[in-house]
Structure formats: C-alpha cells, structure tokens
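Below are the chains, spelled out letter by letter.
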Amino acid sequence: MLLGGTRGSQKLMEALRLFNLSAEAGYGPGLNALGTIFEAGLVVNKDLGKAQDYYFAAAAQGDTMAMQNLGAFYCNGRLGYPDLVKARMWYQKAAEKGAQQSEMIVKEIDEQLRQQERDLERLGVLKWEKENHIVDPEPQPFQQRLARFMESAVPGNKTKKTSFFIKKRQIS
C-alpha cells in the first residue's frame, strides 16, 4: 500500500500525486483520500478546513467513506462544537448506501440526542427557550443551546463560565 511509508517519504509523495490526479477527475475515493491526508497532516500541513472540503466533494460523488468521515468530523467537533444532528445526517446517508457500521452509529447518536434533550430539560434550558420564544429553524448543537442559555444567565461573563461549563459537560 502506498501509505505504508513515513511522513515525507517518496511513497507518500507519490500517493499524494496520484490522489490529486484522481480528485481532479472527480473520483470520490481519491477526494476522500485527500481529505484524510489533510486531516492527518501527511506530507502536507494539517488543514481541517481543506479536509472537510475534500470530504464534502467526495460525499457529493456518493463516497460512503467520505460520508462517514464527515459524520466523525461533526460528531467529534473537529471544527468547533460537536454537532450530533449533522453527524447523524452524514452517518444516515452512509447507512442508506449500505454502510452497516453507520447504521449502528446512527442508533448510538439517536440515544445521545435523547439524553441531551433530557439534560437540557433537567437544566431548565427547554423551559427558558420556550419562555423566550427561541425557535431555531434547524436543530442546534447541544453545546450552542447550553451556551446561549448560560450567557443569558451570566451576563457580562460569557466566555469564562460558559466555556468552563461546556468543557465540563463534554468530559462527563
């Protein structure tokens, strides 16, 4: 396999050249491979934005691995907050194309989303959103909803207490 070498090796450079050629031709697996290369920083500087762009392009070509990579990107919050709603969407698309592992992940995410709603209810966030007529056109990530609530509860000290609370929640 071409990626068996060490960082900067001749094999990796050749792999990068070939993946670029396949990506230029619009080949999904080649686009996905470039996403992986940029995500890991193999031969190139690590660039999560470029990695995501390559994953999007590959997913548009129907590449299920790219769909799973996007699911992981959102699930792990690689570019900010974890977003289980978007992660679920990408894993669901991969599952619909036959990726069995993605089917299991969708079920796990569904349970996590249910737990997050229970947490938001327990913390009073759902009541606060209802009282303040906050209706999001699209489902928002748990951390953003919680941050919005915390910022309203702690005016003038948005970053310190909110970021501490969110980090604590992500760990537990």
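Rules behind the numbers
Sequence order as written defines the numbering, with residues in each chain counted from 1. Only residues with pLDDT of 70 or above have their local features reported here, since the model is predicted, and side-chain atom pairs are shown and tallied only from 80 upward, although totals for entire chains, interfaces and linings are computed over all residues. As a rule here, side-chain values come from all non-hydrogen atoms in the structure, and water together with hydrogens is ignored. Only DSSP runs of H or I covering at least 4 residues are called helices, and only runs of E covering at least 2 are called strands; the numbering of each starts at the N terminus. Pairs of residues are marked as contacts when any of their non-hydrogen atoms sit within 4.5 Å. Only one rule defines a salt bridge in this text: a Lys or Arg side-chain nitrogen within 4 Å of an Asp or Glu carboxyl oxygen. Categorising residues by exposure relies on relative accessible area from a 1.4 Å probe, with only protein chains included: less than 20% of the type maximum marks a residue as buried, more than 50% marks it as exposed, and the intermediate range marks it as partly exposed.

Chemist: For this particular structure, what's the right way to read the environment of Tyr 55?
Modeler: The residue Tyr 55 is located in helix H3 (residues 48-60) in this model. Every residue in contact with Tyr 55, bar those within four places of it in the chain, is listed here: Asn 32, Gly 35, Thr 36, Glu 39, Ala 66, Asn 69, Leu 70 and Phe 73.

Chemist: Teacher, can you tell me more about the pattern of salt bridges here?
Modeler: Side chains that differ in charge, positive against negative, can pair when their charged atoms come close. Considering all chains together, one arrives at 11 salt bridges under this definition. In this structure, Arg 145 and Glu 129 form a salt bridge, with 2.7 Å as the shortest nitrogen-oxygen distance. Residue Arg 145 is located in helix H8 (residues 142-153), and its partner Glu 129 is located in helix H7 (residues 125-131); the two are separated by 16 residues in the primary sequence. Here Arg 145 matches Glu 129 in class, with each residue buried. The partner of Glu 129 in a salt bridge is Arg 148, and the shortest N-O contact between them spans 3.2 Å. One end of the pair, Glu 129, is in helix H7; the other, Arg 148, is in helix H8, and 19 residues separate them in sequence. A relative accessible area of 7% means that Glu 129 is categorised as buried. Assessed through its relative accessible area of 25%, Arg 148 is described here as partly exposed.

Chemist: Would you explain the side chain of Ser 22 in this entry?
Modeler: Its place among the elements puts Ser 22 in helix H1 (residues 10-24). In this structure, Ser 22 is in contact with Tyr 27 and Gly 30, ignoring residues within four places of it in sequence.

Interpretation note: all reported values are geometric properties and have no functional meaning in isolation.
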